[in-house]
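Structural overview
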Amino acid sequence: MKAKKTDIRIVDGRFSLIDVRADWFHIDVMDGLFVPNISFGMPVIEAIKRHAKKPMDVHLMIEKPERYIETFKKIGADNITVHFEACTHLHRTIQQIKDLGCLAGVVLNPSTPVSVLEEILPYCEMVLLMSVNPGYGGQKFIESTYQKVRKLRKMIDDQNLSTLIEIDGGVNNETAIKLVEAGADVLVAGNYVFSAEDPIEKIKGLKSL
Ligand code: ZN
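All of the points below concern the structure found in this document. No experiment lies behind these values; they were computed from the predicted model shown.

How each quantity is defined
- Residues numbered from 1 in each chain as written.
- Predicted model: local features only at pLDDT ≥ 70, side-chain atom pairs only at ≥ 80, totals over all residues.
- Heavy atoms only, no water.
- Helix = DSSP H or I, 4+ residues; strand = E, 2+ residues; numbered from the N terminus.
- Buried < 20%, exposed > 50% of the residue type's maximum accessible area, 1.4 Å probe, protein only.
- Areas by Shrake-Rupley, 256 points an atom, 1.4 Å probe, with all protein chains shown as cover.
- Contact = heavy atoms within 4.5 Å.
- Salt bridge = Lys/Arg side-chain N within 4 Å of Asp/Glu carboxyl O.
- Donors = N, O, S within 2.8 Å, 3.2 Å for Na, K, Ca; no water.
- Tetrahedral: all angles 85-135°; square planar, octahedral: opposite > 155°, others 65-115°.
- Pairing = 2+ DSSP bridges.

A look at the overall build of the chain
When you go through the chain residue by residue, the secondary structure sums to 7 helices and 8 strands. Classification of the 209 residues of the chain by burial places 48% in the buried group. Carbon and sulfur atoms make up 51% of the accessible area of the chain, which amounts to about 9900 Å² in all.

Here it is as structure tokens:
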């Protein structure tokens, strides 16, 4: 599946939860261990789920995420992605996510090559590539991400898979165009949207690329 402009889903996670134009709500869960920052816990996520009428895309930036997969499903996760770097038994964890009826994905830090996905790729509905180091918003986009997306696109196409490529970090109107050209399917926009005076306009702009 080749990425088309119409396939792009712009994802965010704040205000206007009811009528926001993003297609998924992307939630970064941080444990203060896998990443230095701590974000928010279950009650906040449950509250978001109650108000947001969109699928909830939960990105677990936590050590040993297998401990909490069931809980996140219970509080409303539709997609769950776990870091390659945080899982000892990745295949089992991906299977656990799928068994619960969620879309499953693997996340790679900027320094982790896509070649590590060779065995797990056929089991994943999505791969999330970090285009900044995880843990904080507002960081500068890492340029080598484009090449990484192209490599991953080729791996997916060569195996005739429909795995989605999702990009997280430093997405703005300039990086978004190049990411789509490189083969990305889903873009996570955080700071670019939320620091804007008119966030809805920014989302509209990204979706019209
Ligand atoms: Zn994320």
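Having seen the structure, we can now continue with the description.
Overview of the side chain of Thr175
Mapped onto the fold, Thr175 is located in helix α5 (residues 173-182). Its relative accessible area of 8% is what places Thr175 among the buried residues. Residue contacts for Thr175: discarding those within four places in its chain leaves Phe141, Tyr146 and Gly170.

Here we look at the pattern of salt bridges
Counted under the stated rule, the structure contains 5 salt bridges. Of the charged contacts in the structure, one is a salt bridge between Lys154 and Asp158, with a shortest N-O distance of 2.7 Å. Here Asp158 and Lys154 lie together in helix α4 (residues 145-158), a separation of 4 residues that amounts to about one turn. The exposed category is assigned to Lys154, whose relative accessible area is 52%. Since its relative accessible area comes to 55%, Asp158 is described here as exposed. One connected set of salt bridges, linked through shared partners, spans Arg153, Asp157 and Asp185.

Some words on the coordination of the zinc ion
Only His26 (NE2), Asp28 (OD), His59 (ND1) and Asp168 (OD) from the protein coordinate the zinc ion, and they sit 1.9 to 2.2 Å from it. For the zinc ion, the 4 donor atoms in the first shell make angles of 89 to 156° at the metal, so the coordination geometry reads as irregular. Spacing between the donor residues of the zinc ion along their common chain follows H-x1-D-x30-H-x108-D. Of the two residues, Asp28 is situated in strand β2 (residues 24-30) and Asp168 in strand β7 (residues 164-168); the sequence distance between them amounts to 140 residues.

Points about the pairing of strand β6 (residues 126-130)
When you tally the buried positions in β6, you get 5 out of 5 residues, the bulk of the element. Neither face of β6 is left uncovered, since the one carrying Met126, Leu128 and Met130 and the one carrying Val127 and Leu129 both have all their residues buried. As paired elements, strand β5 (residues 103-108) and β6 share 4 bridges and run parallel to each other. If you follow Gly105 over to β6, its bridge partner there is Met126. Sheet topology note: the β6/β7 ladder contains 5 bridges and is parallel. Within β7, the position partnered with Met126 by the bridge is Leu164.

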